[in-house]
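Understanding the architecture of this molecule
For reference, the chains in residue letters:
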Amino acid sequence: MTPANIQKLKLLDPKGKSGTIQSVVLRNDLHSQSYENTLYWLLKVVLMEKECLEKENRKYIKALKANGLYTNELILQEE
């Protein structure tokens with residue numbers, strides 16, 4: 001991977017808060033990795049993380065609705 005490609009990856013997480021991206025950009029052998037394969041891996045992991053968050057969110061919504069706490073007033077306050 002070229003230094004320009006590595007810089008592009010680092011720009012995805014400028015504050016260094018994403019463990020997923022940091023696990024890639026902090027690798028010692030990053031220069032020998034394929035940019036395309038690295039992006040593919042990142043996309044796969046991000047999609048898996050998204051799926052887990054959506055599943056967890058559905059559970060929270062179900063629990064809130066069961067207790068009468070999921071109301072339009074609360075939803076509209078967030079916008």
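Residues numbered from 1 in each chain as written. Predicted model: local features only at pLDDT ≥ 70, side-chain atom pairs only at ≥ 80, totals over all residues. Heavy atoms only, no water.

Another aspect to go through is the overall build of the chain. Per the secondary structure count, the chain includes four helices and zero strands. Reading the chain from its N terminus to its C terminus gives the helix and strand order α-α-α-α. Burial status across the chain gives 19% buried among its 79 residues. Look at the contacts in the chain between residues 6 or more apart in sequence, and 46% of them connect residues 24 or more apart. Total accessible area on the chain is roughly 6600 Å²; 58% of this is exposed by carbon and sulfur atoms. (Helix = DSSP H or I, 4+ residues; strand = E, 2+ residues; numbered from the N terminus. Buried < 20%, exposed > 50% of the residue type's maximum accessible area, 1.4 Å probe, protein only. Contact = heavy atoms within 4.5 Å. Areas by Shrake-Rupley, 256 points an atom, 1.4 Å probe, with all protein chains shown as cover.)

Within the structure shown, the criterion is met by two salt bridges. Taking the shortest distance from any N to any O, the salt bridge between aspartate 29 and arginine 27 comes out at 2.8 Å. Of the residues examined, arginine 27 reaches a relative accessible area of 39% and is grouped as partly exposed. A salt bridge links lysine 50 to glutamate 54; the nearest nitrogen and oxygen atoms lie 2.8 Å apart. (Salt bridge = Lys/Arg side-chain N within 4 Å of Asp/Glu carboxyl O.)

Here helix α3 (residues 35-66) is 32 residues long and its end C-alpha atoms lie 46 Å apart, about the 46 Å a rise of 1.5 Å per residue gives. Among the residues of α3, those classed as buried are Tyr35, Thr38, Leu42 and Val45. As for α3, its buried residues are in contact with α1 (3-11) and α2 (19-25). In the stretch just after α3, glycine 68 is the one whose phi turns positive, near 70°. (Expected span 1.5 Å × (residues − 1).)

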